[in-house]
Amino acid sequence: MVPFAGYNMPVQYAGINAEHETVRNGVGVFDVSHMGEFIVKGDHALELIQQVTSNDVAKLYDGKVQYSCLPNLDGGIVDDLLVYRIDDKTYMLVVNASNIEKDWDWISKFNTMGADMKNISDRTSLLAIQGPKAAAALQSLTDIDLASMEYYTFKKGVFAGIDNVVVSATGYTGAGGFEIYFDNANAEQIWNAIFEAGKSFGIKPIGLGARDTLRLEMGFCLYGNDIDDTTSPLVGFEMIDRGIPRHDYEIVDADGNKIGRVTSGTQSPSLQKAIGMGYVKTEFAKEGTEIYISIRDNKIKAKVVKPPFAK
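Just so you know, these numbers come straight off a predicted model, no measurement behind them.

Q: What am I meant to see in the overall build of the chain here?
A: Counting secondary structure elements, the chain contains 6 helices and 19 strands. For 311 residues, the compact-globule estimate of 2.2 N^0.38 gives 19 Å, and the C-alpha radius of gyration of the chain, at 20 Å, lies within 12% of that figure. Projected onto its principal axes, the C-alpha positions of the chain cover 60 × 50 × 35 Å. When the 311 residues of the chain are sorted by exposure, 54% land in the buried category. Contacts in the chain between residues far apart in sequence, at least 24 positions, make up 63% of those at least 6 positions apart. For the chain, the exposed surface amounts to about 14300 Å²; the carbon and sulfur share of it is 49%. Computing the positive centroid from 30 side-chain charges and the negative centroid from 41, the chain places the two 6 Å apart.

Now the structure itself:
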């Protein structure tokens, strides 16, 4: 367990690699109740969200989810988030735990049109059930047809005997699965029901360590690491020579001149090679370009690739 954004979070239960494989090939459960949830509703809800997010919210329909960013006034990123359209006048925004207060203040600053905003983060629990066996493992708990749900859509219904649960075909692993939102009071009952229903599918609890390696294989950004108030685009790379890139290692050219830095890196459990993301000068950003990672004063060769790393 480690402190994270004011919460106690599990890094690992049985080991990062084992948990990684469980999610890629089976089904695992992440407790991500630390995430933030805001409800924005009323006649001006769409107008406000259109103003503060980078994606086109008008494209959404009831039950559709959109990945987006809150850009700041300098082209950097206040946060990345999910936008859920519940109906044409009601939306849920899901934001990063470490940015709840910052995001609330930022959005509120632009709410000159009087949209109704409610921060429900403290009373909302969130579990991410991820992996190719997720739909089969959970189906006995709900009447919602999980297997037929399209990626980035959601439905509200009864789940594990609890009414008004949001079941969303989203996640941060690239392994498929669902994220479910419900009231804190029902958290223990739902957690226990999921593990009972998933027992024959080998369901396991999964920590933050595997969450990081899974998201990195897909090229998904981690706020504060890969994106922040000062950044916009990203470069993915994989190592050619032996060595593991780590956060903040320098990226250099063939002559050893600094051209950028690593934001995320790991030894990919699925691909059995080292991968990473980072920023480089534009002239080095083209796919296939050879770059070098400075590891303990050694230049270790890598090449620029286009994420996702795990196809």
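The discussion continues.
Q: Honestly, the pattern of salt bridges in this entry has me stumped. Any pointers?
A: Opposite charge on two side chains allows them to pair when their charged atoms are near. In this structure the tally under the stated criterion is 11 salt bridges. The closest approach of N and O atoms between R85 and D62, which form a salt bridge, is 2.8 Å. Taken as a pair, R85 in strand β6 (residues 77-87) and D62 in the loop between α2 (45-52) and β5 (65-71) lie far apart in primary sequence, 23 residues in all. Within this structure, D212, R215 and D226 form a network of salt bridges that share partners.

Q: Where do I start with the nonpolar core in this structure?
A: The nonpolar side chains of soluble globular proteins are, as a tendency, buried together. Ranked by size, the top nonpolar core spans 27 residues in total, and within it I129, F159, V167, F178, I180, I190 and I194 carry the most contacts. Contributing elements (two or more residues each) for this core: β9 (124-130), α4 (134-138), β11 (162-168), β12 (177-183) and α5 (187-197). It is α5 that contributes the most residues to this core, 5 residues altogether. The contact partners of I194, leaving out residues within four places of it in the chain, are V29, L127, I129, L138, L141, F159, I180 and I203. The next biggest cluster of nonpolar side chains, apart from the first, holds 22 residues, and it includes V40, V57, I107 and A115.

Q: Hey, could you run me through the packing of aromatic side chains in this one?
A: Aromatic rings considered in pairs are described by the distance between their centres and by the relative angle of their planes. A complete count under the given rule lists 7 aromatic pairs for this structure. Between F38 and W104 the ring centres are 5.2 Å apart and the planes differ by 75°, which places this aromatic pair in the edge-to-face class. Of this pair, F38 sits in strand β4 (residues 36-41) while W104 is found in helix α3 (residues 100-109), placing the two residues 66 residues apart along the sequence. The interplanar angle of 40° and the centroid separation of 4.7 Å between the aromatic rings of W191 and F195 together place this pair among those described as tilted.

Q: Is there a simple way to think about the pairing of β5 in this case?
A: Note on strand geometry: in a regular strand, side chains alternate between the two faces of the sheet. With 5 of its 7 residues buried, β5 lies for the most part within the structure. As judged from the 7 bridges shared by β5 and β6, these two strands associate in the antiparallel manner. For V65, the partnering residue across the bridge sits in β6 and is Y84. Between β5 and β6, which pair antiparallel in sequence order, lie 5 residues; one of them, G75, sits at a positive phi of approximately 85°.

Q: Can you help me understand the sheet that holds strand β18 (residues 290-295) in this one?
A: The strands making up a sheet are joined through hydrogen bonds of the backbone, oriented either antiparallel or parallel. Taken together, 6 strands build a closed barrel; the order of strands is β14-β17-β16-β15-β18-β19 and the barrel is antiparallel. Here the strands of the sheet are splayed against their neighbours by 45° on average, with no regard to which way each runs. Of the pairings in the sheet, the one linking strand β15 (residues 250-252) to β18 comprises 2 bridges and is antiparallel in character. Bridge assignment links V252 to a residue of β18, and that residue is Y292. With respect to the sheet, helix α6 (residues 208-217) is in contact with β16 (258-268) and β17 (273-280), its orientation differing from that of β16 by roughly 120°.

Q: Just checking my understanding: could you explain a positive patch on the surface for this structure?
A: There is a patch of like positive charges on the surface, built from K41, K118, R123 and K156. Relative to the helices and strands, K41 resides in strand β4.

Rules used in this analysis
- Residues numbered from 1 in each chain as written.
- Predicted model: local features only at pLDDT ≥ 70, side-chain atom pairs only at ≥ 80, totals over all residues.
- Heavy atoms only, no water.
- Helix = DSSP H or I, 4+ residues; strand = E, 2+ residues; numbered from the N terminus.
- Rg over C-alpha atoms; globule rule 2.2 N^0.38 Å.
- Buried < 20%, exposed > 50% of the residue type's maximum accessible area, 1.4 Å probe, protein only.
- Contact = heavy atoms within 4.5 Å.
- Areas by Shrake-Rupley, 256 points an atom, 1.4 Å probe, with all protein chains shown as cover.
- Lys, Arg positive; Asp, Glu negative; His and termini not counted.
- Charge placed at Lys NZ, Arg CZ, Asp CG, Glu CD.
- Salt bridge = Lys/Arg side-chain N within 4 Å of Asp/Glu carboxyl O.
- Core = buried A, V, L, I, M, F, W, Y, C linked by side-chain atoms within 4.5 Å.
- Phe/Tyr/Trp six-rings, centres within 6.5 Å; stacked < 30°, edge-to-face > 60°.
- Pairing = 2+ DSSP bridges.
- Axes fitted to C-alpha atoms, helices over the stretch in contact; angles between N-to-C directions.
- Patch = residues over 30% accessible without salt bridge, like charges linked within 9 Å, V, L, I, M, F, W, Y side chains within 5 Å.

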